[in-house]
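This is what each chain is made of:
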Amino acid sequence: MLFYNLNKPSEKVDFRTATIQGLGSEKGLFFPEYIPFFPESWIYNLNSEPDEEIAWYVMNQYVGDSMPEKTLRKILQETISFDIPLVRLSSRVSTLELFHGPTLAFKDVGARFMSRCLGHFMKGQDRQVTVLVATSGDTGGAVASGFVDVAGVNVVILYPSGKVSLVQELQLTTSGKNITAYEVDGSFDDCQTLVKQAFSDTDLSRKIFLTSANSINVARWLPQQIYYFLAWKQWEDKIKPPVISVPSGNFGNICAGLLAYHSGLPVSHFIAACNSNAVIPEYLKTGIYKPEKARATLSNAMDVGDPSNFVRVLALFNSEFESLKKMMSSESISDGETGDALSSIYRLYKYQADPHGAVGWLALNRWLEKHPSESGIFLETAHPVKFLEVVEQFSGHSVIVPESVSELFEKKKSSEKIAADYQLFRKELLRIR
Ligand SMILES: *Cc1c(COP(=O)(O)O)cnc(C)c1O
């Protein structure tokens, strides 16, 4: 399998190169040159397949030529070494809990897979690679946890000071070892700008080998398909496929689901559940794509004003607006509605969602009201403890703190404060390499 550059289709690379480089030239995202199709005989017999086997069957199509089967199997085993249960809340609503990984967010799946692939590809190389990542909260922790102790790889994380939750901050500042965190005096956009400046600094890239661990990297994007197959494995009514609502920010997650659908996974409809950052809901209404500055909301991991994976969604549908609209709709949910949803979910099902899951639930609920014969799944993308105060306020009940978080509270934050100034940041990069 080769991957082509969406901005320059003649540029084709294998999985190894796409993983190491992150982006193609002209900042183009890599995209599979064909979509594998999985036979119904496999799709309708997943119930009896072990999760690892499902993961391998899917990922082997994309990665197979780039590493030995044994290596891929081992990486996948470590990638999904935690539960991904489908929890039924009512006769029509279920949630797929993606937060049982080490940093309690679905990003663990992609980050663990990418870190191990990159570690494998860097083996025996005489140079180190530096993974540079800007985070609004969850990516940093998942990347730190995924990459800690991976030989040949250094990780530099930038996060906006005072704008991530306490648990998120501890997760991204307490790994130590090959992970360095910078607390930037500025916004998430400032962090992202510093990262972009570093990537386009050709003099710097002669001195340090930089790559990105954001969801544009195929090694983070592709493994997310796995849990859509695991959801289907656990879905009881095989005659009536689910509607799936995905809390969306950069659109990597939902795009992986749409890819699975194009490979034959039965799904009746996708809902991209957004907060008040409503670029895609507006696009689906008007056909006009108008990027905006990101707005801060209760579901901060989805505060994205120009979702970078959306070009991949368009590519999956050959940019055919009508067929995209038939398969995917999008809702924008305000903070007020998110709070109300957190309360309703507790009242209706005695279930504590997190603000991202609550956005997903409300968008699903609106769809189900209009489509009485359907039933669906919303993805729970983070554990409620990551947004403790909000969740406790609106659900009216305290969150049970998992052990991994209690342990975190005993660790000491270690980060370097830095102004949002590229020359300063550049000096730091050269110092710590
Ligand atoms: C990153 C994240 C999202 C958004 O996922 P995208 O792939 O960027 O659309 C949603 N919820 C949580 C908790 C996240 O961390």
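Described in the following lines is the structure provided in the data block.

Thresholds applied
Along each chain, residues carry numbers from 1 onward, in the same order as the chain's sequence is written. For this predicted model, a pLDDT threshold of at least 70 governs which residues receive local features, and a threshold of 80 or more governs which side-chain atom pairs are given and counted, while totals over whole chains, interfaces and linings are taken from all residues. Side-chain numbers come from the whole structure's heavy atoms, not from hydrogens or water. Whether a residue is near a molecule or strand depends on its heavy atoms: if one lies within 4 Å, it is near. In protein, a polar contact requires one atom able to donate a hydrogen and another able to accept it; more generally it is a pair of N or O atoms within 3.5 Å, and residues adjacent in sequence count only if both atoms are side-chain atoms. Only the protein chains shown count as covering a residue, and every accessible area follows the Shrake-Rupley method with a 1.4 Å probe. Under the scheme applied, nonpolar residues are Ala, Val, Leu, Ile, Met, Phe, Trp, Tyr, Cys and Pro; charged residues are Asp, Glu, Lys and Arg; polar residues are all the others, including Gly. Candidates for patches are residues over 30% relative accessible area with no salt bridge; among them, like charges are joined within 9 Å and nonpolar side chains (Val, Leu, Ile, Met, Phe, Trp, Tyr) within 5 Å. A pair is scored as a salt bridge if a Lys or Arg side-chain nitrogen falls within 4 Å of a carboxyl oxygen belonging to Asp or Glu. Strands here are runs of E lasting at least two residues and helices are runs of H or I lasting at least four, both read from the DSSP assignment and numbered beginning at the N terminus. Fitted lines through C-alpha atoms give the axes, limited to the stretch in contact for helices. The angle between two N-to-C directions lies from 0 to 180 degrees. What sets the label is the angle itself: under 35 degrees gives roughly parallel, over 145 gives roughly antiparallel, 65 to 115 gives roughly perpendicular, and the rest give oblique. We call a crossing left-handed when the near helix sits turned anticlockwise from the far one by less than a right angle, and right-handed when that turn is clockwise. Contacts between residues were defined by any pair of non-hydrogen atoms, one from each residue, lying within 4.5 Å. Think of it in three bands: with a 1.4 Å probe and only protein chains considered, a residue is buried below 20% of the maximum accessible area for its type, exposed above 50%, and partly exposed in between. By definition, the arc is the one covered by directions from the helix axis to the C-beta atoms. Note on pairing: two strands pair once DSSP finds at least 2 bridges between them.

### Things to note about the site of the ligand
Here's step 1: In the vicinity of the ligand lie 15 residues, with Lys-107, Asp-138, Gly-249, Asn-250 and Thr-381 positioned nearest.
Here's step 2: Take Gly-252: an N or O atom from its main chain is 3.2 Å from an oxygen atom of the ligand.
Here's step 3: In the environment of the ligand, an oxygen atom lies 2.9 Å from a nitrogen or oxygen atom belonging to the backbone of Asn-253.
Here's step 4: Protein contacts shield 97% of the accessible area of the ligand, which totals 380 Å² for the unbound molecule.
Here's step 5: The residue makeup of the shell around the ligand, split by class, is six nonpolar, seven polar and two charged.

### Here's the deal with a nonpolar patch on the surface
Here's step 1: A cluster of nonpolar side chains, namely Leu-166, Val-401 and Phe-409, defines an oily patch on the protein surface of about 280 Å² accessible area.
Here's step 2: By the secondary structure assignment, Leu-166 is in helix H7 (residues 166–173).

### Quick notes on the packing of helix H16 (residues 335–349) against helix H18 (residues 388–395)
Here's step 1: Two elements in contact, H16 and H18, have axes separated by 8 Å at closest approach and are oriented at 60°. As the angle between them shows, H16 and H18 are arranged oblique. Here H16 and H18 pass one another in a crossing that is right-handed. In contact with Gly-339, Leu-342, Ser-343 and Tyr-346 of H16, H18 contributes Val-390, Phe-394 and Ser-395.
Here's step 2: Its residues placed into classes, the contact of H16 with H18 shows four nonpolar, three polar and no charged.

### Examining helix H4 (residues 69–79)
Here's step 1: Burial in H4 covers these residues: Leu-72, Ile-75, Leu-76 and Thr-79. Axial view of H4: buried residues confined to an arc of 95°, hence all on one face. Facing away from the buried surface of H4 by more than 90 degrees, the exposed residues are Lys-70 and Lys-74.
Here's step 2: Those residues of H4 that are buried are in contact with helix H3 (51–63), helix H5 (107–122) and helix H11 (225–234).

### Overview of the sheet that holds strand E10 (residues 243–247)
Here's step 1: Reading across from one edge, E4-E5-E13-E10-E11-E12 is the order of the six strands in this open sheet, with mixed pairing throughout. The sheet terminates laterally at strand E4 (86–88) and strand E12 (328–332), the two strands that pair on one side only. Across the sheet, the mean angle from the axis of one strand to that of its neighbour is 25°, orientation sign disregarded.
Here's step 2: In this structure, strand E11 (residues 269–274) lies alongside E12, joined through five bridges in parallel fashion. Pairing of Cys-274 across the sheet is with Ser-332, part of E12.
Here's step 3: Against the sheet, H11 contacts E4, strand E5 (93–97), E10, E11 and strand E13 (376–380), and its axis sits at roughly 135° relative to E5.
Here's step 4: On the sheet, helix H12 (residues 252–262) packs against E10, E11, E12 and E13 and is oriented at approximately 175° with respect to E11.

### What to know about the side chain of Asn-214
Here's step 1: Here Asn-214 lies in the loop between strand E9 (210–212) and helix H10 (218–221).
Here's step 2: With a relative accessible area of 18%, Asn-214 lands in the buried category.
Here's step 3: In contact with Asn-214, other than residues within four places in its own chain, are Val-133, Ala-134, Thr-139 and Arg-220.

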